Each structure stands twice: as structure tokens, then as C-alpha cells.
Amino acid sequence: MHDIHDATRPATSARLAIHLRHATAKTHQAVERLPLMARLTSPSVTREDYLDYLHALAEVYAALEGSLLDVLDEEIRNDLGVRPKLPAILDDLAEQGQPHIPRTSTQLAPAGSGAALGGLYVLEGATLGGRVIAKHLRRCLGPALGSAGFLDFHGEHSSAAWKRFAGILDSLSAHGRIDPAEVVSGAHTTFALVHRMLEDADARSAPAQAGPEHIEPPGSGARRLATSVAALQED
Ligand code: HEM
């Protein structure tokens, strides 16, 4: 029997997407607080900050995206209709005259379809928030931003694409085709890995600014996510 206080277990399998949001909110918040990310959302953001972000995300997607998609059952992959995002990141960098040179060819991914789905939730979600960040950068950087094909990956269809993705997650879980606990666990593992990789990238791009991580109390993550939406939309 499920322990109702166990944060890795969805309360009902039909609401997996919502559960994922709450379960990973604290790590999302920790990612947002990394200096690299804080610079990106600051009103004084520079083109160099944007380039640092793209290079860091290129490392993350190169290490995870292909292997996460490979682990998924073909049927689930087709249902999800997820398009790889790494090419868009590399295109954005090339457009800025900054071709990306990968630091490593290591492929990292949690084992099993359910866990891979959780990992994909993390990578897909980055483009959901990305649209908000793209608007902010467009305001601050103007034409120097270029096409921002990664951040604005789904363009005006961003919300529809996310609803579709979340709906399929819910349906796979409701029909017993995936174990929701494995999805949540895969999302946790992947988000923690992304956090570590971005922290490393941060230390490389701005050693003097990288400081120790502070984790806020449980529950504050979801609130902070809501706050960041409001702040970015207002500025
Ligand atoms: C400065 C950095 C970031 C900011 C400001 C940010 C902001 C946001 C915002 C505003 C949303 C909600 C968008 C909406 O509901 O329309 C969101 C969602 C999300 N972001 Fe981020 N994000 C950042 C970085 C990342 C990164 C690096 C990842 C993972 C690689 C990520 C993963 C997600 C996920 C998984 C969601 C979906 C949450 C849900 O289930 O609704 N974010 N982000």
C-alpha cells in the first residue's frame, strides 16, 4: 500500500503531470537560483550570459536527450511525439558564431521506460519555462538574441504542446502502461543531474560568482516557480 506522505508516490496515477510538478519544484527552484540562471533572468542580462546558458544546456541535452529517447518503448515515443531539442541549441549557438564543442560524449540516463519518461519531462519542461525567458531576453537584448529557437521551441504552441505531453503522461499512467513512481523517481534523478551539470558549468563560466547552494524549506519551490513566472512577465 502507498504511504500518502511519500513524496515520490503520486496521490492518484491520473494526475501524474501535476504530481511531477510538485515533486520536482524544489530542484527547479535550486536550478533557477544558480548564478548562471539568475544572470539570465536579471534585467542586466548580457549576450554572454545567454551564450553561457546555451553552452551549458548543450552539454545537458547532449548527455541526456538521445539516451532518454532510446530507452523509451517505440510506441510510447511515437505517442509523445517529442522532437529532439539539441539541434535547436546547436543552431542557436552557430547563429551566434559560437559553435559548441562538446566537453564529453558520455551518455547518461536512468534505466527503464518509466524513469526515462520522468527524465524527458524535465527536458521538455525546460522549453515551457523557456518561452517566458525568451520574452524577457527579447526585451533586454533585442535583435542580439537571434532566433532563440531552443528557448522558444514550440513558439505560440508552447502551452498546447505541454498539455499534450502532460496528457499523454497522465494517460500512460492511468492505463497502467508505466509505473508512476518510476517516472517521479526518474524525474528526480534527471533534475538532480541537470542541477549538478549546470552548477559545474557555472563554476567554469564564472568561478568568482559560484557560491554554495541553499535549499529552501519544502513547499517553497512551487511558490517560487509561480513567483518567477510573475516577475519575468512583469519586467
Ligand atoms: C533561469 C532558469 C529557469 C527559469 C526562470 C524557469 C522558469 C520556468 C517557468 C516560468 C515555468 C512555468 C511555465 C508555465 O507554466 O507556463 C517552468 C516550468 C518548467 N521548467 Fe523551468 N525554468 C528555468 C530553467 C529550467 C531548466 C534548466 C529546466 C530543466 C532542464 C527546467 C525545467 C522545467 C520543467 C520540468 C517545468 C515544468 C513544470 C510543470 O510541470 O509545470 N527549467 N520553468
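In this convention, every chain numbers its residues from 1, walking through the sequence in written order. For a predicted model such as this one, the threshold for reporting local features is a pLDDT of at least 70, and the threshold for listing and counting side-chain atom pairs is 80 or more; totals across whole chains, interfaces and linings nevertheless cover every residue.

> So what exactly am I meant to see when it comes to the site of the ligand here?
Being near a molecule or strand means, for a residue, that its backbone-placed C-beta atom lies within 6 Å of it. Around the ligand, a shell composed of 21 residues is seen, among which Arg 21, Met 37, Gly 125, Ala 126 and Gly 129 lie nearest. Those elements giving two or more residues to the shell around the ligand turn out to be helix H1 (16-33), helix H2 (35-40), helix H6 (113-141) and helix H9 (220-234). Runs of H or I in DSSP of at least four residues are treated as helices and runs of E of at least two as strands, each being numbered from the N terminus. In terms of residue count, H6 provides more of the shell around the ligand than any other element does, 9 residues in total. For this classification, the nonpolar set comprises Ala, Val, Leu, Ile, Met, Phe, Trp, Tyr, Cys and Pro, the charged set comprises Asp, Glu, Lys and Arg, and every other residue, Gly included, is treated as polar. Tallied by class, residues from the shell around the ligand come to 14 nonpolar, 5 polar and 2 charged.

> How should I be thinking about the confidence of the model for the protein in this particular structure?
Low pLDDT means the predicted atomic positions in that stretch should not be read closely. Summing up the model confidence of the protein, the mean pLDDT is 84 and the portion of residues at 70 or higher is 81%. Every residue is assigned a pLDDT by the predictor, reflecting its confidence on a scale from 0 to 100. Of all helices and strands in the protein, the one with the weakest mean pLDDT is H9 (43), whereas helix H5 (residues 86-95) scores best (97). Our contact criterion uses C-beta atoms placed from the backbone: two residues qualify when those atoms are within 7 Å. Below pLDDT 50 for its whole length, residues 1-14 participates in 19 contacts with residues either more than four positions away or in separate chains. This model gives residues 208-231 a pLDDT under 50, and the stretch forms 22 contacts once residues within four places in sequence are excluded.

> What's the story with unusual backbone geometry in this structure? I'm lost.
In this structure, Ala 148 takes a positive phi of about 50° despite not being glycine. Relative to the helices and strands, Ala 148 resides in the loop between H6 and helix H7 (158-174).

> Please clarify how H5 should be interpreted in this entry.
An α-helical segment advances 3.6 residues per turn. Residues three or four places apart therefore align on the same side. Ala 88, Ile 89, Asp 92 and Leu 93 are the residues of H5 that are buried. Down the axis of H5, the buried side of the element spans an arc of 135°, and every buried residue falls inside it. Along its buried surface, H5 packs onto helix H3 (47-71). Buried means a residue has 20 or more other C-beta atoms within 10 Å of its own C-beta, exposed means 12 or fewer, and partly exposed covers the counts in between; C-beta atoms are placed from the backbone. As used here, the arc belongs to the directions running from the helix axis to the C-beta atoms.

> It is not clear to me how the environment of Ala 148 should be interpreted in this structure. Could you clarify?
A residue is classified by how many C-beta atoms lie within 10 Å of it, and Ala 148, with 21 of them, is buried. C-alpha of Ala 148 to C-alpha of Asp 92: the two residues are 56 residues apart in sequence and 6.1 Å apart in space. Ignoring anything within four residues of it in the chain, the contact list for Ala 148 reads Asp 92, Ala 134 and Leu 137.

> Looking at this structure, how should I read the packing of H1 against helix H8 (residues 180-205)?
To describe two helices that pack against each other, one gives the angle between their axes and the distance between the axes. Following both chains from N to C, one finds H1 and H8 inclined at 20°, their axes separated by 10 Å at the closest point. On the basis of their axis angle, the class for H1 and H8 is roughly parallel. When you trace H1 past H8, the crossing you get is right-handed. Counting all contacts with H1, which are made through Leu 16, His 19, Leu 20, Ala 23, Thr 24, Thr 27, His 28, Ala 30 and Val 31, the residues of H8 involved are Pro 180, Val 183, Val 184, Ala 187, His 188, Phe 191, Ala 192, Val 194, His 195 and Leu 198. Looking at side-chain class alone, the contact of H1 with H8 contains 13 nonpolar, 6 polar and no charged residues. Lines fitted to C-alpha atoms define the axes here, with helix axes fitted over just the stretch in contact, and angles between the N-to-C directions of these axes take values from 0 to 180 degrees. If an angle is under 35 degrees, it is roughly parallel; if it is over 145, roughly antiparallel; if it lies from 65 to 115, roughly perpendicular; otherwise it is oblique. In a left-handed crossing the near helix is turned counterclockwise from the far helix by less than a right angle, and in a right-handed crossing that turn is clockwise.

> When you look at the packing of H3 against H5 in this model, what are you seeing that I'm missing?
Axis separation between H3 and H5 bottoms out at 9 Å; the angle between their running directions is 155°. The orientation of H3 with respect to H5, classified from their angle, is roughly antiparallel. The handedness of the crossing between H3 and H5 is left-handed. On the side of H3, the interface is formed by Leu 54, His 55, Leu 57, Ala 58, Tyr 61, Ala 62 and Glu 65, while H5 contributes Leu 86, Ile 89, Leu 90, Asp 92 and Leu 93. Residue classes in the contact of H3 with H5 are distributed as 9 nonpolar, 1 polar and 2 charged.

> Can you walk me through the environment of Glu 124 in this structure?
Mapping Glu 124 onto the fold places it in helix H6. As a C-alpha pair, Glu 124 and Trp 162 span 38 residues in sequence and 7.9 Å in three-dimensional space. Sequence-distant contacts of Glu 124, that is, excluding residues within four places in its chain, are made with Val 82 and Phe 165.

> Any chance you could explain H7 here in plain terms?
Expected helix span is computed as 1.5 Å times (number of residues minus one). Taking 1.5 Å of rise per residue, 17 residues should cover 24 Å, and H7 covers 24 Å from first to last C-alpha, within 8% of that figure. By the burial criterion, the buried members of H7 are Phe 165, Ala 166, Leu 169, Asp 170, Leu 172 and Ser 173. In a view along the axis of H7, the buried residues occupy a sector of 165°, so they form one face of it. What points out from H7, more than 90 degrees from its buried face, is the exposed set Ala 160, Lys 163 and Gly 167. Summarising the contacts, the buried residues of H7 are in contact with H1, helix H4 (74-80), H6 and H8. Two residues or fewer after H7 comes Gly 176, characterised by a positive phi angle close to 70°.

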